[in-house]
Amino acid sequence: MTDVPEKPSAPSAPGATSAPGAPSVPGASKAAGALPARALDRRGALLGVATAGAAAVVGTAIHAWDGASQGGATGSARTTEVTVTVEGMRFVPDTIDVAGGNRLVITLENTGDQVHDLVLAGGATTGRVAAGASARVDAGVITGPVEGWCSIAGHRAQGMVLRITADGQATGTAQSSQAATGHGAHGSASDGPSATPNLEAPLPDGFTPFDAVLAPAPAGTVHQHTFTVTEVPGAYVGAGVTQTRWTFNGTAPGPVLRGKVGDAFEITLVNNGSMSHSIDFHAGIVSPDAVMRSINPGESLVYSFTAEHAGIWLYHCSTAPMSVHLASGMHGVVIIDPDGLDAVDREYVLIQSEIYLGPEGGQADAAKVSAKTPDLMCFNGVAFQYALQPLQARAGERVRFWVMDAGPSLPTSFHVVGLQFDTVFFEGAYQLGGPDGVGRSWRGGSQALGLQPAQGGFVEAVVPAAGSYAVVTHAFADMDKGAKAILKTSD
Ligand SMILES: [Cu+2]
């Protein structure tokens, strides 16, 4: 940071120019008037010492507006220019101290690997800044503490906060969104209170559940798909609430892919969102650096892999904070059938995930994501959707459920009320059943498939008679939040 000299006779800062004819900044006179000659010394001290937690401030002053030179008034205001860069999830510097009464203009140079912005309390913003780009924001005249942050969901909670002080006074009534809105450091400046879920809410008119029916693997050994990332406003998440969901191809979860061991997958990822996104396919064994990189809006990449092993594999956005991207809907599965997989009467795929509600229609609450305190739990992205519009079967049928715990952070204990599983395939191996008939000789059975985040498998059971079989996580608090389906079975 460099301030211009208070008077033309003072030593010049490098790059500084004086513009005595420029108008003074309205509102600056009082604070500037309180700046006697000692201000220079004080500013020098401020410039010379980086306080704990604050990186050295680097910048160039390019304008000087000195109202005092316009006829000897006590008022004076200068413009302080500061360049802020990005390292991971931090602004560098993350603390800026200016002489009280100075105008502050910040240039955000996005040296990070994904889109960021800088929003200041009061609403001034750089707007979204792509990785490698830069933008300026006028913070106005600084007379007291002002807080800034990156408004992309999760970034502020991860530490992208900028603290601006005047004359080193960090205490006092900070202009922050906390003061403005009375709640914590959530995703964006426009946050309001979280939506309140109504666990008894019916499905909205015209709502179509995510299709849980699993189609057979398509013929052919090469699977080419385009995954277009979009941020979808007004997406129903259950319990009477809509959120802005971040999606692959418009749905959360994204497309269900299915193939066989040895198949090749070529996915073109297109980012049509407003921030950086990426993708990580667990189904492939790859060097992650290039294919899992974050791409700016408008960019694309091609991600190729060969399915070498059987299982139900998670894919997800891997842009930080991944927990927020995943919880916002950016997840899905690739199913690779094990050799010798028998046909069954019905196959369903159920992906459990957590929903951390922001305001109605808003984005996920990053603080809740971090605390692992979801409001809703889902099978296939919407709480209770298959409880209200049940899955179907007929008595005597063998039903296979492919199950993935997408998290981002909580496990599942997958259970069907009234049934026992005679076939369990967990993370690449049969625990029961399969071609070798594991457990048959000792009449083994299973009541629940336990999965940590990113684990998956399938279970099978024969439905003995007509009825309504609840399909749940046996972590019942999570069932109560929406991880519940009904398998409606008719004769
Ligand atoms: Cu993403």
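Description of the structure in this document.

Parameters at a glance
Residues numbered from 1 in each chain as written. Predicted model: local features only at pLDDT ≥ 70, side-chain atom pairs only at ≥ 80, totals over all residues. Heavy atoms only, no water. Phe/Tyr/Trp six-rings, centres within 6.5 Å; stacked < 30°, edge-to-face > 60°. Helix = DSSP H or I, 4+ residues; strand = E, 2+ residues; numbered from the N terminus. Buried < 20%, exposed > 50% of the residue type's maximum accessible area, 1.4 Å probe, protein only. Pairing = 2+ DSSP bridges. Axes fitted to C-alpha atoms, helices over the stretch in contact; angles between N-to-C directions.

**Observations regarding the packing of aromatic side chains**
Summed over the entire model, instances satisfying the criterion amount to 18 aromatic pairs. Taken together, a centroid distance of 5.4 Å and an interplanar angle of 65° make the contact between Phe207 and Tyr236 edge-to-face. Here the residue Phe207 occupies a position in the loop between helix H3 (177-181) and strand S9 (222-238), and Tyr236 occupies one in strand S9, the gap between them amounting to 29 residues. Across the pair, Tyr236 and Phe207 agree in class, each one buried. Summarising the aromatic geometry, the rings of Phe281 and Tyr315 are spaced 5.2 Å apart at their centres and angled 45° between planes, so their arrangement reads as tilted.

**Things to note about the sheet that holds strand S14 (residues 300-306)**
In spatial order, the strands read S10-S9-S12-S14; together these four strands make up an open sheet with mixed pairing. Of all the strands in the sheet, the pair left with one neighbour each is strand S10 (241-248) and S14. Within the sheet, the average angular offset between the axes of one strand and its neighbour, ignoring direction, is 25°. Looking at chain direction, S9 and S10 are connected through seven bridges and run antiparallel. The residue bridging Val229 from the neighbouring strand is Phe248, located in S10.

**Here we look at the environment of Gly122**
Inspection of the secondary structure puts Gly122 in the loop between strand S5 (119-120) and strand S6 (134-141). Residue Gly122 is classed as exposed on the basis of its relative accessible area of 86%. Separated by 26 residues in the primary sequence, Gly122 and Gly148 have C-alpha atoms spaced 9.4 Å apart.

**Some words on the sheet that holds strand S1 (residues 79-87)**
Hydrogen bonds between backbone groups are what pair the strands of a sheet, and the pairing can be parallel or antiparallel. Taken together, four strands build an open sheet; the order of strands is S2-S1-S4-S6 and the sheet is mixed. In this open sheet, the two strands that pair with only one neighbour each are strand S2 (90-92) and S6. When strand polarity is set aside, the average angle formed by the axes of neighbouring strands in this sheet is 30°. As judged from the seven bridges shared by S1 and strand S4 (residues 103-109), these two strands associate in the parallel manner. What sits directly across from Thr85, in S4, is Glu109.

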